[in-house]
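Residue-level listing of the chains:
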Amino acid sequence: FKTPYRRWLPPNTFADRDVFCAGRVVQEDLNRTVKACGGTILTTVNDIRSHDMGECDLFEEVQIGNERYNLFTGCPKAKTCTLILRGGAEQFIDETERSLHDAIMIVRRALKNDSVVAGGGAIE
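Report follows, based on the coordinates.

**Some remarks on the overall build of the protein chain**
And step 1. The helix and strand inventory of the protein chain stands at 3 helices and 2 strands.
And step 2. Counting helices and strands in the order they occur from the N terminus, the protein chain gives α-α-β-β-α.
And step 3. Out of the 124 residues in the protein chain, the part that is buried amounts to 9%.
And step 4. Of the contacts formed within the protein chain by residues at least 6 apart in sequence, a portion of 26% connects residues at least 24 apart.
And step 5. Total accessible area on the protein chain is roughly 11,100 Å²; 52% of this is exposed by carbon and sulfur atoms.

**Examining the layout of surface pockets**
And step 1. Estimated volume of the second largest pocket: approximately 230 Å³.
And step 2. Lining the second largest pocket, in full, are Cys81, Leu83, Leu85, Glu97, Leu100, His101 and Ile104.
And step 3. Its residues placed into classes, the lining of the second largest pocket shows 5 nonpolar, 1 polar and 1 charged.

**Some details on the pattern of salt bridges**
And step 1. If you walk through the whole model with that rule in mind, you get 4 salt bridges.
And step 2. Notably, a salt bridge pairs Arg32 with Asp29, separated by 2.4 Å at the nearest N-O pair. One end of the pair, Arg32, and the other, Asp29, are both in helix H2 (residues 27-37), 3 residues apart, so they sit about a helical turn from each other.
And step 3. Residue classification places Asp29 among the partly exposed residues on the basis of a relative accessible area of 30%.
And step 4. Arg68 serves as the salt-bridge partner of Glu61, at 3.4 Å between the closest nitrogen and oxygen.

**Observations concerning the state of the cysteines**
And step 1. Summed over the entire model, instances satisfying the criterion amount to 0 disulfides.
And step 2. Among the cysteines around Cys75, which has no disulfide bond, Cys37 carries the closest sulfur, lying 3.2 Å off.
And step 3. Among the residues examined, Cys75 registers a relative accessible area of 13% and is labelled buried.

**A closer look at the environment of Lys35**
And step 1. Inspection of the secondary structure assignment puts Lys35 in helix H2.
And step 2. Owing to a relative accessible area of 67%, Lys35 belongs among the exposed residues under this scheme.
And step 3. Separated by 40 residues in the primary sequence, Lys35 and Cys75 have C-alpha atoms spaced 9.3 Å apart.

Reading the values: the criteria
- Residues numbered from 1 in each chain as written.
- Predicted model: local features only at pLDDT ≥ 70, side-chain atom pairs only at ≥ 80, totals over all residues.
- Heavy atoms only, no water.
- Helix = DSSP H or I, 4+ residues; strand = E, 2+ residues; numbered from the N terminus.
- Buried < 20%, exposed > 50% of the residue type's maximum accessible area, 1.4 Å probe, protein only.
- Contact = heavy atoms within 4.5 Å.
- Areas by Shrake-Rupley, 256 points an atom, 1.4 Å probe, with all protein chains shown as cover.
- 1 Å grid on protein atoms, 1.4 Å probe; cavity = no way out; pocket = protein on both sides within 12 Å on 5 of 7 lines; lining within 4 Å.
- Points joined across faces, edges and corners; volume = space filled by probe spheres on them.
- Nonpolar A, V, L, I, M, F, W, Y, C, P; charged D, E, K, R; others polar.
- Salt bridge = Lys/Arg side-chain N within 4 Å of Asp/Glu carboxyl O.
- Disulfide = S-S within 2.5 Å.

The following block contains the structure:
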């Protein structure tokens, strides 16, 4: 849609056209989204071309606890995933995060090295 020159468009301009609008997105998050979905970061909505658009199989905005998240699923260029950890105590979350990090690093190391040495308690 064409708009007269304005510095800012109210979010309902997009919502009325079934277009999701997120304001004040951190640059790091924008860069990760572009990397996963393709497309281009634009500073105006005028003259959007098809090659400026990214793609994903599913986009949804969900609320988990008190936080709202924008989830992009099925991004063609994505090489990562996001894990959301929730729990009752900060100590539980910290321990879960450490355990996940250890598990991810073990898998990473196993993929890089094709030889494995069995450790203590391993069955021959």
